[in-house]
Amino acid sequence: MASENKDDILRRRAQKDEIITFFKRLIFMVILIYVIFGVVFGFTSMKNNDMSPKIGPGDLILFYRLEKDFASRDVVVFEKEGLRNTGRIIAKGGDTVEITDNNELLVNGAIVLEDNIFYSTPKYEQGISYPVKLMEDEYFILGDFREGAKDSRYFGPIRSKEIKGKVITVLRRNEL
């Protein structure tokens, strides 16, 4: 009878150890997922046509939060006026940007030719005035859908602290 009690005690202790081990692993997995998707990577969905045709409404965007060295042509997620937006960096600190009356995009006095942009780049009537000289921590960001995107022509330069990350992949909502 004493050995049965001993066996029961050992069995209960083993079950308790298994439960504790399970919860330790569960907590570790929750922390790991938080770090991966809350600190290193981020997800957002495209809410409009600002990056059309490359990124469409409803597409899921995965971005890398730890990138801090952005270059022209990088697609980034940024936050302005409490809303998350996506756009392409056209110019960075030290550059001068101008959009002419003929819908030409100039960076440092040179016309920017973009192979994969299918729209002209008009000024916005209610937007900023040109030329724009970017400060060291500023970027000029445009949507690929140049005729209607809400971007630096509307907001003005985007500060580096407003950039949430660099887009690394797009998961399509549906096939086009």
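Read on for a plain summary of the structure. Position labels on residues start from 1 in each chain and follow its written sequence. A pLDDT threshold of at least 70 governs which residues receive local features in this predicted model, and a stricter bar of 80 or more applies before side-chain atom pairs are shown or counted, although totals over entire chains, interfaces and linings include all residues. Heavy atoms throughout the structure, all of them, feed into the side-chain values; hydrogens and water do not.

Take the pattern of salt bridges next. Salt bridges are defined as contacts in which a side-chain nitrogen from Lys or Arg sits within 4 Å of a carboxyl oxygen from Asp or Glu. Applying the stated rule across the entire model yields twelve salt bridges. We note a salt bridge from D8 to R11, for which the minimum N-O separation is 2.9 Å. One end of the pair, D8, and the other, R11, are both in helix 1 (residues 2-40), three residues apart, so they sit about a helical turn from each other. Relative accessible area decides the class of each residue, using a 1.4 Å probe on protein chains only: under 20% of the type maximum gives buried, over 50% gives exposed, and in between gives partly exposed. Taking relative accessible area as the criterion, R11 reaches 48% and is therefore assigned partly exposed. A salt bridge links K80 to E162; the nearest nitrogen and oxygen atoms lie 3.0 Å apart. On the criterion of sequence distance, the pair formed by K80 in strand 3 (residues 75-80) and E162 in the loop between strand 10 (158-159) and strand 11 (163-171) is long-range, its members being 82 residues apart. The exposure classification of K80 matches that of E162, with both residues buried. Working definition: helices are DSSP H or I runs of at least four residues, strands are E runs of at least two. Numbering for both runs from the N terminus.

Spatially, seven strands are ordered 1-2-11-3-4-9-10 in an open sheet, and the strand pairing comes out antiparallel. Each of the sheet's edge strands pairs with one partner strand only, and the pair in question is strand 1 (41-45) and strand 10. Summarising the sheet, strand 3 and strand 11 pair through three bridges and their orientation is antiparallel. Among the inter-strand pairings, F78 is bridged to a residue of strand 11, identified as I163. Paired strands, in this sense, are two strands between which DSSP finds at least two bridges.

Here strand 1 runs beside strand 2 (residues 60-64); their pairing, made up of five bridges, is antiparallel. Residue pairing across strands places F41 opposite Y64, the latter belonging to strand 2. With five bridges connecting them, strand 2 and strand 11 associate as antiparallel partners. Its bridge partner being in strand 11, I61 is matched across the sheet by V170.

On the secondary structure map, D59 appears in the loop between strand 1 and strand 2. Residue classification places D59 among the buried positions, given a relative accessible area of 4%.

Before going further, it helps to examine the side chain of D95. The topology assignment puts D95 in the loop between strand 4 (83-92) and strand 5 (96-99). Here D95 occupies a buried position and makes no salt bridge, while the nearest side chain of opposite charge, K133, is found at 6.9 Å. Should any heavy atoms of two residues lie within 4.5 Å, those residues are considered in contact. Apart from the residues lying within four places of it in its own chain, the contact partners of D95 are V107, N108, V132, K133 and L134. Counted as positive: Lys and Arg. Counted as negative: Asp and Glu, with His and the chain ends omitted from the count.

Each aromatic pair joins two rings of Phe, Tyr and Trp (for Trp, the six-membered one) with centres within 6.5 Å, and gets the label stacked for planes under 30 degrees apart, edge-to-face for over 60, and tilted for any other angle. Tallied over the full model, the rule gives seven aromatic pairs. Their ring planes at 75° and their centres at 5.3 Å tell us that F22 and F23 sit as a pair that is edge-to-face. Site record: aromatic cluster; members linked through ring pairs are F78, Y154 and F155.

So, about the sheet that holds strand 6 (residues 105-107). Pairing between the strands of a sheet comes from backbone hydrogen bonds, and it takes one of two forms, parallel or antiparallel. Overall, antiparallel pairing links the four strands, which are arranged 7-6-5-8 in an open sheet. Taken across any chain shown, the strands that pair with only one partner, and hence form the sheet edges, are strand 7 (110-111) and strand 8 (132-133). Bridge analysis of strand 6 against strand 7 gives two bridges, and the strand direction is antiparallel. Looking across to strand 7, one finds that V107 is bridged to A110.

Our focus in this paragraph is the pairing of strand 5. Residues V97 and I99 of strand 5 are buried on one face, while the alternating residues T96 and E98, pointing to the opposite face, are not. Where strand 5 meets strand 8, two bridges bridge the pair, whose relative direction is antiparallel. From the neighbouring strand, T96 faces strand 8, where its bridge partner is K133. In terms of strand pairing, strand 5 meets strand 6 through three bridges, oriented antiparallel.

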